[in-house]
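Listed below, chain by chain, are the residues.
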Amino acid sequence: DVKVTQSSRYLVKRTGEKVFLECVQDMDHENMFWYRQDPGLGLRLIYFSYDVKMKEKGDIPEGYSVSREKKERFSLILESASTNQTSMYLCASSWDSFNQPQHFGDGTRLSIL
Amino acid sequence: AQSVTQLGSHVSVSEGALVLLRCNYSSSVPPYLFWYVQYPNQGLQLLLKYTTGATLVKGINGFEAEFKKSETSFHLTKPSAHMSDAAEYFCAVSEGINTGTASKLTFGTGTRLQVTL
């Protein structure tokens, strides 16, 4: 079974802090994704990566950056956390193929105070 | 650009009743369609997918979905609801057209299923 592991289930940070969310997958997938999930808005793509050191902006990249130095690891960075970034963050990975599903981690519930 | 519409943000059914969750999509390319389920405080889990071939797709936990191209729909059904089916369900369409974006998905806003006794 594919395993996507997010480093924290719950995280509380303060405004202005630099926040790192880590995600690791064990299937050698090419593609990795970061989403945020908010009630009534579904999943919104922040960034995705299709190879090591490669990244593309999703629908809501403002205030975020990402890093993919190794194939199995994809990090989401909140450069200066703000209260409107309080949310559930989900990481996913997949093969780079049209008919392949994304596999999700359990999510990180981030609160910015 | 692809889009997904899930009709009804909340659906309530009695235990043993039919479950019907609606999903309509728009896509400029032949669609690949997915249903995911999310239980409280967990990530998304794949229920089923349609890629090519048979338009009636069976998934886990007794769910199935039928791809209807003429109606641009991919509704999710289960003949008899169980309490354990209470969760949020997401429909998604693949929007990738190039290498590197092939598995990129557009998600609907989700439908929360409540199952009552």
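### Let's talk about the nonpolar core
Residue and element names in this part refer to chain B. Ranked by internal contacts, the top residues of the largest apolar core, which has 26 residues, are W35, L47, L48, F74, L76 and Y89. The set of elements that each furnish at least two residues to this core consists of strand 3 (19-21), strand 5 (33-38), strand 6 (44-50), strand 8 (64-68), strand 9 (73-78), strand 10 (87-94) and strand 12 (111-116). Looking at this core element by element, the count peaks at four residues for strand 10. The contact partners of L76, leaving out residues within four places of it in the chain, are V19, L20, L21, W35, L47, L48, F63, E64, A65 and Y89.

### Overview of the state of the cysteines
All names here are of chain A. Using the criterion set out here, one finds two disulfides over all chains in the structure. Note on cysteine connectivity: C23 is disulfide-linked to C91, with sulfurs 1.9 Å apart. Linking C23 and C91, the disulfide has an S-S dihedral of approximately -80° and is accordingly described as left-handed. A residue pair is termed long-range when its members are at least 10 positions apart, and C23 in strand 3 (residues 19-25) and C91 in strand 9 (residues 87-94) qualify at 68 residues. Judged by relative accessible area, which is 0%, C23 ranks as buried.

### Details of the confidence of the model for chain B
For chain B, the average pLDDT comes to 91, and 93% of its residues sit at 70 or higher. Per-element confidence in chain B ranges from a low mean pLDDT of 89 for strand 11 (residues 105-107) of chain B to a high of 98 for strand 3 of chain B.

Reading the values: rules and limits
- Residues numbered from 1 in each chain as written.
- Chains lettered and ligands numbered in written order.
- Predicted model: local features only at pLDDT ≥ 70, side-chain atom pairs only at ≥ 80, totals over all residues.
- Heavy atoms only, no water.
- Core = buried A, V, L, I, M, F, W, Y, C linked by side-chain atoms within 4.5 Å.
- Buried < 20%, exposed > 50% of the residue type's maximum accessible area, 1.4 Å probe, protein only.
- Helix = DSSP H or I, 4+ residues; strand = E, 2+ residues; numbered from the N terminus.
- Contact = heavy atoms within 4.5 Å.
- Disulfide = S-S within 2.5 Å.
- pLDDT = per-residue confidence, 0-100.

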